[in-house]
Amino acid sequence: MALKLRFDNRVAIVTGAGGGLGRAYALELAKRGAKVVVNDLGVSRTGEGASSKAADLLVEEIKSNGGVAIPNYDSVEQGHKIIEAAIKAFGRIDIIINNAGILRDVSVQKMTEKDWDMVIAVHLKGAFILVKAAWKYMREQKYGRIINTSSSSGLYGNFGQANYSTAKLGLHGLTQTLAKEGDKYNIKCNTIAPSAASRMTQDIFTPDLHELLVPEKVVPLVTYLAHENCNENGGLYEVAGGYIGKLRWQRSQGVFYPGTFTAEDVKAKWNEAGNFDGNNDYPSALTDTLQKVMKFIEISKPKL
Ligand code: NAD
């Protein structure tokens, strides 16, 4: 079957593409005609060392399949250098997949500032630096597709991952703002929260889960989100093993206290405030909060 969603003349950067999920994305985009910047610093799972081997091997593989790719070994913390490499080699930048990542898992009591800083620097600040450097090119060409990689650890929290979960939820914060700032320039940004077998999950998943949750089962969603036909913007998707689901905020009907009120009043209506069985809504913008408040204020105004 011919692959209809092509990426001819598109330039994609995949960070952390030397292994795991990034490798699978880069292979697929190249197969569909994209010119790919295969970025990987070649570090250990905890962010130590550096090697050009993983990026080089993948570029060789892409080329031997007839694709176009260059390796890049800069850290995403130096994201502007990755953008410079893309512009120098291919003259434009259309797609960024912020995928590079490390883990420094330890309970908050034992977490050092170094554990915190390293994880935030790679996942969160790295994504920002890369996007910031690409932004002017994407704005000028009125086109861009950005995919940020979150995690269920970020969405729900996870023991031993205060640094990682903060970075990962922060990435969706970045997505939501980029979606709003980029929309009029046809720059769309979305978040995925994947689960897939990789060295990151080698001691978490059982062997049968490793077989079921292959990175290739995440690839189709990322490929579609990266394509010009996809106009989704600001979305958040869980994706694993063939499953794709969208997440959104849900707000309870809530309670309103006209005039002064006390902590005792809050206690008295605590269950009502958090009751999701009633008239819920699904806010997606800053203005939705004030609109809700103003509605309550209007309703509670004495009728003349
Ligand atoms: P992986 O360890 O196989 O790949 C991460 C890659 O990032 C490595 O090749 C590493 O060398 C590279 N890297 C690390 N720091 C870098 C830096 N500063 N600059 C450039 N490259 C760097 O892991 P993976 O499982 O493929 O994870 C990919 C992404 O998906 C990560 O952001 C991870 O947090 C996220 N994620 C993965 C899962 C999962 O189940 N595998 C779950 C949730 C989120």
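Residues numbered from 1 in each chain as written. Predicted model: local features only at pLDDT ≥ 70, side-chain atom pairs only at ≥ 80, totals over all residues. Heavy atoms only, no water.

A.B. asks: Which residues make up the packing of helix H1 (residues 20-31) against helix H2 (residues 53-64), and what values do they have?
C.D. replies: Between H1 and H2, the shortest axis-to-axis distance is 10 Å and the interhelical angle comes to 25°. With respect to their mutual orientation, H1 and H2 come out roughly parallel. Of the two elements, H1 crosses H2, and the hand of that crossing is right-handed. Contacts from Arg 23, Ala 26, Leu 27 and Ala 30 in H1 reach Leu 58, Glu 61 and Ile 62 in H2. (Axes fitted to C-alpha atoms, helices over the stretch in contact; angles between N-to-C directions. Helix = DSSP H or I, 4+ residues; strand = E, 2+ residues; numbered from the N terminus. Parallel < 35°, antiparallel > 145°, perpendicular 65-115°, else oblique. Left-handed = near helix turned anticlockwise from the far one by under 90°. Contact = heavy atoms within 4.5 Å.)

A.B. asks: Explain the pattern of salt bridges to me, using residue names and the numbers behind them.
C.D. replies: Tallying each qualifying case throughout the model produces 15 salt bridges. The partner of Arg 32 in a salt bridge is Glu 28, with the nearest N and O atoms 2.7 Å apart. Residue classification places Arg 32 among the buried positions, given a relative accessible area of 13%. Overlapping salt bridges, with partners in common, bring together Arg 10, Arg 92, Asp 94 and Glu 228 in one network. (Salt bridge = Lys/Arg side-chain N within 4 Å of Asp/Glu carboxyl O. Buried < 20%, exposed > 50% of the residue type's maximum accessible area, 1.4 Å probe, protein only.)

A.B. asks: Requested: an account of the packing of aromatic side chains, with residues and values cited.
C.D. replies: Per the stated rule, a full pass over the model turns up 2 aromatic pairs. Judged by centre distance (4.3 Å) and plane angle (5°), the ring pair of Tyr 257 and Phe 261 falls under stacked. For Phe 261, a relative accessible area of 44% corresponds to the partly exposed category. Taking the ring centre of Tyr 143 as reference, the NZ or CZ of Arg 10 above it sits at 3.8 Å. (Phe/Tyr/Trp six-rings, centres within 6.5 Å; stacked < 30°, edge-to-face > 60°. Lys NZ or Arg CZ within 6 Å of the ring centre and 35° of its normal.)

A.B. asks: I'd like a rundown of unusual backbone geometry, residues and numbers included.
C.D. replies: If you check the backbone angles, Asn 9 has positive phi at about 70° while not being a glycine. Looking at the secondary structure, you find Asn 9 in the segment before strand E1 (11-14). The backbone of Lys 142 shows a phi angle near 50°, a positive value even though the residue is not glycine. Assignment of secondary structure puts Lys 142 in the loop between helix H4 (113-141) and strand E5 (144-149).

A.B. asks: So, the sheet that holds strand E7 (residues 236-240): which residues are in play, and what are the values?
C.D. replies: Read from one edge of the open sheet, 8 strands run E3-E2-E1-E4-E5-E6-E7-E8, paired in mixed fashion. Only two strands of the sheet have a single partner each, and these edge strands are strand E3 (68-72) and strand E8 (243-247). Shown here is a sheet whose adjacent strand axes are inclined to one another by a mean of 20°, direction ignored. Against the sheet, helix H3 (residues 79-90) contacts E1, strand E2 (35-39), E3 and strand E4 (95-98), and its axis sits at roughly 145° relative to E3. Running over the sheet, helix H6 (residues 162-182) touches E5, strand E6 (187-194) and E7 and is turned about 160° from E6. (Pairing = 2+ DSSP bridges.)

A.B. asks: Could you give an account of the domain arrangement of the protein, with specific residues and numbers?
C.D. replies: Interface size is commonly expressed as the accessible surface area that is lost when the partners come together. Entries for the protein in the domain assignment read domain 1 (11-247) and domain 2 (249-304). Relative placement of domain 1 and domain 2: their C-alpha centres are 38 Å apart. (Domains from an automatic or database assignment.)

A.B. asks: Could you give me a rundown of the packing of H4 against H6, with the residues and numbers involved?
C.D. replies: It is the contact of H4 with H6, at a shortest axis distance of 8 Å, that shows an interaxial angle of 15°. With respect to H6, the axis of H4 lies roughly parallel. Relative to H6, the crossing made by H4 is right-handed. Along its contact with H4, which presents Asp 115, Trp 116, Val 119, Ile 120, His 123, Leu 124, Ala 127, Phe 128, Val 131 and Trp 135, the element H6 presents Ala 162, Asn 163, Tyr 164, Thr 166, Ala 167, Lys 168, Gly 170, Leu 171, Leu 174, Leu 178, Glu 181 and Gly 182. Its residues placed into classes, the contact of H4 with H6 shows 14 nonpolar, 5 polar and 3 charged. (Nonpolar A, V, L, I, M, F, W, Y, C, P; charged D, E, K, R; others polar.)

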